[in-house]
Amino acid sequence: MKPVKVGVLGLGTVGGGTVNVLKRNAAEIARRAGREIIITHASAKDLQKPRICNTDGIILTDDPYSIINNPDIDIVLELIGGAGAVKDMVLTAIANGKHVVTANKSLIALHGNEIFAKASEKGVIVAFEAAVAGGIPIIKAIREGLSGNQIEWLAGIINGTGNFILTEMRDKGRDFNDVLAEAQALGYAEADPTFDVEGIDAGHKLTILASIAFGIPLQFDKIYTEGITQITRLDVEYAEQLGYRIKHLGIARKTADGIELRVHPTLIPERRLIANVNGVMNAVLVKGDAVGATLYYGAGAGAEPTASSVVADVIDVVRALTSDPENRVPHLAFQANALADIPVLTADCFQTAYYLRLSAEDKPGVLADVTRILADHHISIEAIIQKEPSATDTAIPIIIRTQRTLEKEMNAAIAKIEALNTVTGKVNRIRLETLG
Ligand code: NDP
Ligand code: HSE
């Protein structure tokens, strides 16, 4: 059989890693795919730039459309990034009858509904395993391995840069900006690193996971996101005293009223495996009604771990080339005409436990005032720590771990606590999940 011809758009971290893996493992890959797969063309913005891959034998161009419009190319790999110019590149590739493999979570989260509809019309595949959790085959696991289950919830550390920063700050006391610069140098961070640290990248990934888990359209605009920039060393230490670690989680949970979709720092019990996922590693916990809780772990970013997912998608596409488009695995796991219109809940309706840290005057009755406000809002306290005042500050830190409650009750209680004359500053609130 004729070799399958691949054109690569983007030769940066992921594109370079993909060229290396496809070349190095070519023989093994051909044995798996049943056909030889060759990269004939690749594009980058600056053709003079040094590359992490060997481009011998590949025709290089700075015009991605010369690849997209080349009739000899069967599969286009979109490894540029962003949701702007590349949207047209992907839609043009689809219109030209080409299969597309992408690592681009923002593109899929923001424009996936349109892209998959166009791909289905043309009978082509758009594969995106690398878009979520780098090298972990989490899309395949949920879409195929768990397809007999009703997914109840999932929770994941799905941004490698953020987890790398939190780990280095906690373990080595390093400065936030210093670790972020290292993550950028290692090729982990997004072109705009605020996407990593403000939870936008994790929000894109959670959009995709929720869609394939629950059979709902992609709805990034309904995701609640909070980043890691507000986490203090003090909170990390107090959380540990209570037996918890702070991780930046993406959580999707189906409730009787709708679906919670939220990305935020979260206290989780230190005995959970996921609490011990460090550095650039990612992990996703998925709870299915039949299988129970399952955990997927691996590198969440980096050249070759991500290339592993890109290449697996290329092999899947090659295997499917001869199959009838109607009989392929649906892009979003559920048949396109069977997506459900389940409401996505607003933050007021979230149900979770909380860690609260506040600073109060060292006077009789202060603690009683705070606990009365919580009780008035039906919020039960699980643990409470009152610290000694420090030599330099007469205010005392109070740390409270609550039971699960409705977020709107917690917001109202926090507003009243902050209004007490004896409480100074803001209440620092971090959500807490037991993930049991
Ligand atoms: P890089 O910035 O390292 O690479 C982007 C590449 O695209 C570069 O080669 C750049 O060219 C090229 N490029 C940029 N603009 C254009 C353009 N207009 N036309 C043609 N080529 C262009 O990004 P990454 O490899 O890190 O990321 C690529 C995608 O993979 C993104 O969607 C990202 O979110 C995703 N991803 C990244 C992971 C990672 O660990 N880095 C992990 C998982 C997904 P030049 O080199 O000449 O500047
Ligand atoms: N910037 C992303 C991260 C790349 O750090 O997780 C992988 O998607």
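Structure shown above.
**Brief notes about the site of ligand 2**
Part 1: Around ligand 2 sit K105, N159, G160, T161, Y188, A189, E190, D196, D201, K205, G300 and A301, and those are all the residues in its vicinity.
Part 2: The backbone of G160 places a nitrogen or oxygen atom 2.7 Å from an oxygen atom of ligand 2.
Part 3: E190 is positioned with one of its side-chain polar atoms (N or O) 2.7 Å from a nitrogen atom of ligand 2.
Part 4: In isolation ligand 2 exposes 260 Å². Once the protein is present, 94% of that is buried.
Part 5: Mapped onto the shell around ligand 2, the elements with two or more residues apiece are α7 (160-172) and α10 (200-214).
Part 6: Its residues placed into classes, the shell around ligand 2 shows three nonpolar, four polar and five charged.

**A word on the packing of aromatic side chains**
Part 1: Following the criterion strictly, the structure yields three aromatic pairs and no others.
Part 2: Taken together, a centroid distance of 5.4 Å and an interplanar angle of 40 degrees make the contact between F116 and F128 tilted. Of this pair, F116 sits in helix α5 (residues 105-122) while F128 sits in the loop between β6 (126-127) and α6 (138-145); the two residues are twelve residues apart in sequence, bridging distant segments of the chain.
Part 3: For F116, a relative accessible area of 5% translates into the label buried.
Part 4: Given the relative accessible area of 1%, F128 is considered buried.
Part 5: Consider the rings of F164 and Y188, whose centres lie 5.7 Å apart with planes at 85 degrees: the pair is edge-to-face.

**Section: the side chain of K247**
Part 1: By the secondary structure assignment, K247 is in strand β9 (residues 244-254).
Part 2: Here the side chain of K247 touches V277 through a polar contact of 2.8 Å, landing on its backbone oxygen.
Part 3: Of note is the side chain of K247, whose polar atom sits 3.2 Å from the side chain of N278.

**Focus: the pattern of salt bridges**
Part 1: All told, the structure shown has 30 salt bridges when counted by the stated rule.
Part 2: R372 is paired through a salt bridge with D369; the nearest N and O atoms lie 3.3 Å apart. Taken together, the residues R372 and D369, both in helix α13 (residues 366-376) and three residues apart, mark about one turn of the helix.
Part 3: The exposure class of R372 is partly exposed, given its relative accessible area of 48%.
Part 4: Accessibility expressed as a relative area gives 27% for D369, which makes it partly exposed.
Part 5: Between R431 and E407 there is a salt bridge; the shortest N-O distance is 2.7 Å. Pair noted here: R431 is in strand β17 (residues 423-432) and E407 is in helix α14 (residues 407-419), with a separation of 24 residues, a long-range link. The exposure classification of R431 matches that of E407, with both residues buried.
Part 6: Within the structure, one salt-bridge network assembled from shared partners comprises E168, K172, R174, D178 and E182.

**Quick word on unusual backbone geometry**
Glycine aside, a negative phi is what most residues show, and trans is what most peptide bonds show.
Part 1: Even without being glycine, H378 reaches a positive phi, approximately 60 degrees.
Part 2: You can see H378 is positioned in the loop between α13 and β14 (381-386).
Part 3: Taking relative accessible area as the criterion, H378 reaches 65% and is therefore assigned exposed.
Part 4: Here L435, not a glycine, exhibits a phi torsion of approximately 55 degrees, which is positive.
Part 5: Position of L435 relative to the elements: it lies in the segment after β17.
Part 6: Residue class for L435 comes out buried when judged on its relative accessible area of 9%.

**Details of the nonpolar core**
Part 1: Judged by nonpolar contacts, the single largest core of 54 residues is most densely connected at I94, I138, L209 and V286.
Part 2: Elements with a minimum of two residues in this core: α3 (64-68), α4 (85-95), α5, α6, β7 (151-157), α10, β10 (259-269) and β11 (281-288).
Part 3: Ranked by residues supplied to this core, first place goes to α10 with eight residues.
Part 4: When residues of this core are assigned to domains, at least three map to each of domain 1 (4-135 + 303-338) and domain 2 (138-299).
Part 5: When sequence neighbours within four positions are dropped, the list of residues in contact with I94 reads V100, I115, K118, A119, K122, V124 and V126.

**So, the packing of helix α1 (residues 13-24) against helix α12 (residues 303-320)**
Part 1: Interaxial distance between α1 and α12 falls to 8 Å at its minimum, and their mutual angle equals 65 degrees. As summarised for this structure, α1 and α12 are arranged roughly perpendicular, according to the angle between their axes. With respect to the hand of their crossing, α1 and α12 are arranged in right-handed fashion. Only A303, E304, T306, A307, V310 and V311 of α12 make contact with α1, whose side of the interface consists of T13, V14, G17, T18, N20, V21, L22 and R24.
Part 2: Of the residues that constitute the contact of α1 with α12, the class distribution is seven nonpolar, five polar and two charged.

About the cut-offs
Residues numbered from 1 in each chain as written. Chains lettered and ligands numbered in written order. Predicted model: local features only at pLDDT ≥ 70, side-chain atom pairs only at ≥ 80, totals over all residues. Heavy atoms only, no water. Near = heavy atom within 4 Å. Polar contact = N/O pair within 3.5 Å; in protein donor to acceptor, adjacent residues only side chain to side chain. Areas by Shrake-Rupley, 256 points an atom, 1.4 Å probe, with all protein chains shown as cover. Helix = DSSP H or I, 4+ residues; strand = E, 2+ residues; numbered from the N terminus. Nonpolar A, V, L, I, M, F, W, Y, C, P; charged D, E, K, R; others polar. Phe/Tyr/Trp six-rings, centres within 6.5 Å; stacked < 30°, edge-to-face > 60°. Buried < 20%, exposed > 50% of the residue type's maximum accessible area, 1.4 Å probe, protein only. Salt bridge = Lys/Arg side-chain N within 4 Å of Asp/Glu carboxyl O. Core = buried A, V, L, I, M, F, W, Y, C linked by side-chain atoms within 4.5 Å. Domains from an automatic or database assignment. Contact = heavy atoms within 4.5 Å. Axes fitted to C-alpha atoms, helices over the stretch in contact; angles between N-to-C directions. Parallel < 35°, antiparallel > 145°, perpendicular 65-115°, else oblique. Left-handed = near helix turned anticlockwise from the far one by under 90°.

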